[in-house]
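Coordinates in review
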Amino acid sequence: HLTALCFIYFVINNLVLEAYHKVQFYLRRLYNMSKSLDGHYQRLFEILEFILHFESENLFALKNLFKSNRRKVKKQKQTQSIFYKQLLHFLEQYSETEESQKRQLVLEFSKDLKQYEKDGTYKLSSELILHDWISALINGRSYGQELKGRKKSASSHQKKPSKETIYFPSHPTNILMQNSH
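What you see is a predicted model, and the numbers here were worked out from it, not measured in a lab. (Residues numbered from 1 in each chain as written. Predicted model: local features only at pLDDT ≥ 70, side-chain atom pairs only at ≥ 80, totals over all residues. Heavy atoms only, no water.)

For helix 3 (residues 39-55), built from 17 residues, the straight-helix expectation of 24 Å at 1.5 Å per residue is met to within 8% by its first-to-last C-alpha distance of 24 Å. Across the 17 residues that make up helix 3, a large majority, 14, are buried. A distance of 3.0 Å separates the backbone nitrogen of His 40 from a side-chain oxygen at the start of helix 3, and that oxygen is part of Asp 38. (Helix = DSSP H or I, 4+ residues; strand = E, 2+ residues; numbered from the N terminus. Expected span 1.5 Å × (residues − 1). Buried < 20%, exposed > 50% of the residue type's maximum accessible area, 1.4 Å probe, protein only. Polar contact = N/O pair within 3.5 Å; in protein donor to acceptor, adjacent residues only side chain to side chain.)

Structure follows, in C-alpha cells:
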C-alpha cells in the first residue's frame, strides 16, 4: 500500500505541474501493481486517468476510456461501486456539455456526494483528489491552477513555489492507517 500511495502522490503532483507524460508513467506503475490491491484502488487509478485526460484535453483518449469503462462496468455489475458508476455518468455528461452549462452540472453533481460516504471508492478518491478537482471544475480552472492558487493565497508572504515544489491534496490522508493490515 505504501508504494501505491507514493505513486498516487507522484501522479497528483505531476497533474498539478502539468507534466502529463510523467502522470502516464506513474499511472502505468499503479496499474501494474493493482492486482495486489483491492478494487477501490483500481477504480481510483481509473479516476486518475480520467482526470489526466480531462486536464490534458486529450479528447480522443477520453472517449476511448469511456468506451472501455462502460464495457467493464457492464461485466462487473455486482462488484462495482455505485459512486463510481455515477461518477462515470457525470464525467461523460460533463465532456458533452456546453461550456456555459458545465459549472451548473458540476454543482448539481457535487451537492449529492454525501450519499456516497460509505462507498470505499468514494472514500479513497475524496481523501486524495476528488474534492480538489471538483473545486477546480466549479471555479473553471485546471487542477494545477486550483491547488497552486490555494497554496499562493495561503502563503502569500512566502516566495513563489519552484518547479520542484510538491503539492498535496487539501484533504489530509489517513488512508495508510485505514488500509494497512
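So, on to the packing of helix 6 (residues 99-111) against helix 8 (residues 130-138). Closest axis-to-axis distance for the helix 6/helix 8 pair is 9 Å, and the angle between their directions is 150°. Like other packed secondary-structure pairs, helix 6 and helix 8 cross with a definite hand, here left-handed. Contacts between helix 6 and helix 8 involve Arg 103, Val 106, Leu 107, Phe 109 and Ser 110 from the first element and Ile 134, Leu 137 and Ile 138 from the second. Grouping the constituent residues of the contact of helix 6 with helix 8 by class yields six nonpolar, one polar and one charged. (Axes fitted to C-alpha atoms, helices over the stretch in contact; angles between N-to-C directions. Left-handed = near helix turned anticlockwise from the far one by under 90°. Contact = heavy atoms within 4.5 Å. Nonpolar A, V, L, I, M, F, W, Y, C, P; charged D, E, K, R; others polar.)

Within this model, the largest pocket holds a volume of roughly 600 Å³. Lining of the largest pocket is provided by 21 residues; of these, Phe 54, Glu 57, Tyr 94, Glu 99 and Lys 102 occupy positions nearest its centre. Those elements that place two or more of their residues in the lining of the largest pocket are helix 3, helix 4 (59-75), helix 5 (82-96), helix 6 and helix 8. Here the lining of the largest pocket gets five residues from one element, more than from any other, and that element is helix 4. When the residues that make up the lining of the largest pocket are grouped by side-chain class, the tally is seven nonpolar, three polar and 11 charged. (1 Å grid on protein atoms, 1.4 Å probe; cavity = no way out; pocket = protein on both sides within 12 Å on 5 of 7 lines; lining within 4 Å. Points joined across faces, edges and corners; volume = space filled by probe spheres on them.)

Purely geometric stuff here, so don't read any function into it on its own.
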